[in-house]
Amino acid sequence: MSREDVLRDATGAAERRDELVRVALTTGDELDDIRRAKIWSRVEDRLGEPVHAPWRWLLAGGAGALALAAVVMLIAMRGRGAADGFVAPPDATLSLRLGHASAALVGPARLDVVETGEQATTVALRSGRLLAEFEGGHGRTLRIQAPGATIEIVGTLFAVDVRGAVTCVAVAHGRVRMTTFARVIEIGAGRSACSDTPIDHAIAEDMRDALAHHAAAVAVASA
Amino acid sequence: MIAALAVLAAVRASEAVVDDDDAALIARHRAGDREAFATMYRTHAAAVYRRLSRILGPVPERDDLTQDVFLALHRALPAFRGEARLTTLIHRIAINKACEHLRTTARRPATPTDGAFFDDLLSLAASPAERASWREELERVFACLARIKPKKRVALLLRVVDGMSFEEIAVLVDATPEAVAKRVQHGQRELDELFARASREARMS
């Protein structure tokens, strides 16, 4: 039942008022991983020294199927002047919430958070693979900086792969705009493109499977 | 770097029994184990943020206030005698921080100024007229809540939003259940009056 249905069904002024209050105050009350990490960084700074170096988190990553029910480890890296970041070691998958995107960082991989805000979230994928489903909405953007490319997403299911100096993007649903040094390319559903080649092509089988697994995992996690 | 393994179900289960481990965590923290406080943060940060949100609304200061709660917890732990559960201590601190914030911001309503909040709230299936109408009502809610004094507001919201009993609220706000019941009753009456007046004014304009 949607929130509007609940409000419509509320009979009596008091019940409706109480429901309005509940709706107003429970929306947006979730703390995502990026925000949680940023707040912790500031707590550490204020306490005067890191509580533990390197910082260790336990986050569980999973897909609906048994296969993904294993293990994640997050190490928040804070280098000199670096933004908050996440590192997924080899053979590990890190489940993240990046603003309005449910994401999985498939190790070995490194992701830095550049900027977060109500309208736009910007991250930098330094290496590895990022799977994400972005809920989008009016005015919202997820921006991914990667070697040789900047990728902007509005409401879609997609993957970004960084291998050395080449970035490839595959889109399962929606559309993604990838800007490289040479051109801007729009990548539609079922297509893939890389920063070093001029045209897009159909998504490879293994990438299609990976995106489907990620979507299933997000669906289970949010059920 | 130490590799640690966990599965999603185990992490969620561990959150359910965290209160039993809190005494051990506090003891480790006092013994100088730096990881213990980090574990407290990791375990309780989301709940603190949620507590602040459900009292204050979507104010931008929630991040800073969450930080302040944990800094205050860090200061309070050396003297904490275990007279309440760690969760209770943390939520008491969060409520105090929320009340301080309400006092300093006085009658400024926590109305979101950008559309993203209302996009989250209202489904795309609602018509533009419905969305506009609900948005007006929600803005009215925030404006009315801003006029209620902090103690009454906190008691009212813990009751209406979180469904807590008077006894549960009393533990968090350090008052008797009878005092809490009065605050809730007065808060509801005040909110009714403010809401009715605001609705009348909206119809007349």
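Residues numbered from 1 in each chain as written. Chains lettered and ligands numbered in written order. Predicted model: local features only at pLDDT ≥ 70, side-chain atom pairs only at ≥ 80, totals over all residues. Heavy atoms only, no water.

Re the confidence of the model for chain A
Phase 1: Residues of chain A with pLDDT of at least 70 account for 70%, and the chain-wide mean is 73.
Phase 2: Per-element confidence in chain A is highest for strand S13 (residues 191–194) of chain A, whose mean pLDDT is 89, and lowest for strand S2 (residues 74–76) of chain A, whose mean pLDDT is 37. (pLDDT = per-residue confidence, 0-100. Helix = DSSP H or I, 4+ residues; strand = E, 2+ residues; numbered from the N terminus.)

Brief notes about the pattern of salt bridges
Phase 1: This structure, assessed with the given rule, holds 21 salt bridges over all chains.
Phase 2: Linking Arg17(A) and Asp18(A) is a salt bridge whose minimum nitrogen-to-oxygen distance equals 2.4 Å.
Phase 3: In this structure Arg17(A) comes out as buried when scored by relative accessible area, which is 3%.
Phase 4: In this structure Asp18(A) comes out as buried when scored by relative accessible area, which is 15%.
Phase 5: Here Glu100(B) ties to Lys97(B) by a salt bridge, and the two come within 3.9 Å at their closest N and O atoms. Here Glu100(B) and its partner Lys97(B) are both found in helix H5 (residues 86–105), 3 residues apart, which amounts to about one turn of the helix.
Phase 6: Glu100(B) gets classed as partly exposed once you look at its relative accessible area, which sits at 41%. (Salt bridge = Lys/Arg side-chain N within 4 Å of Asp/Glu carboxyl O. Buried < 20%, exposed > 50% of the residue type's maximum accessible area, 1.4 Å probe, protein only.)

Let's talk about the packing of helix H3 (residues 33–47) of chain A against helix H3 (residues 34–56) of chain B
Phase 1: Running from N to C, H3(A) and H3(B) cross one another at 130°; their axes reach a closest spacing of 11 Å. With respect to their mutual orientation, H3(A) and H3(B) come out oblique. As for the relative orientation of H3(A) and H3(B), their crossing is right-handed in sense. Facing H3(A), whose interface residues are Arg35(A), Arg36(A), Ile39(A), Trp40(A), Val43(A) and Leu47(A), H3(B) presents Phe37(B), Ala38(B), Tyr41(B), Arg42(B), Ala45(B) and Tyr49(B).
Phase 2: Classifying every residue of the contact of H3(A) with H3(B) gives 9 nonpolar, no polar and 3 charged. (Axes fitted to C-alpha atoms, helices over the stretch in contact; angles between N-to-C directions. Parallel < 35°, antiparallel > 145°, perpendicular 65-115°, else oblique. Left-handed = near helix turned anticlockwise from the far one by under 90°. Contact = heavy atoms within 4.5 Å. Nonpolar A, V, L, I, M, F, W, Y, C, P; charged D, E, K, R; others polar.)

What to know about the environment of Ala76(B)
Phase 1: If you trace the backbone, Ala76(B) turns up in helix H4 (residues 62–76).
Phase 2: For Ala76(B), a relative accessible area of 26% translates into the label partly exposed.

Describing the state of the cysteines
Residues and elements named next belong to chain A.
Phase 1: Tallied over the entire structure, the rule returns 1 disulfide over all chains.
Phase 2: Paired through a disulfide, Cys168 and Cys194 show a sulfur-sulfur distance of 1.9 Å. One disulfide, between Cys168 and Cys194, carries an S-S torsion of 105° and so falls in the right-handed class. Of this pair, Cys168 sits in strand S10 (residues 166–173) while Cys194 sits in strand S13, and the two are 26 residues apart along the sequence.
Phase 3: The class of Cys194 is buried, set by a relative accessible area of 12%. (Disulfide = S-S within 2.5 Å.)

Some remarks on the pairing of strand S9 (residues 156–163) of chain A
Residue and element names in this part refer to chain A.
Phase 1: In terms of burial, S9 is a largely internal element, 7 of the 8 residues being buried.
Phase 2: Strand direction decides the pairing type here: strand S6 (residues 120–134) and S9, joined by 7 bridges, are antiparallel. Of the residues in S9, the one forming a bridge with Gly128 is Val162. (Pairing = 2+ DSSP bridges.)

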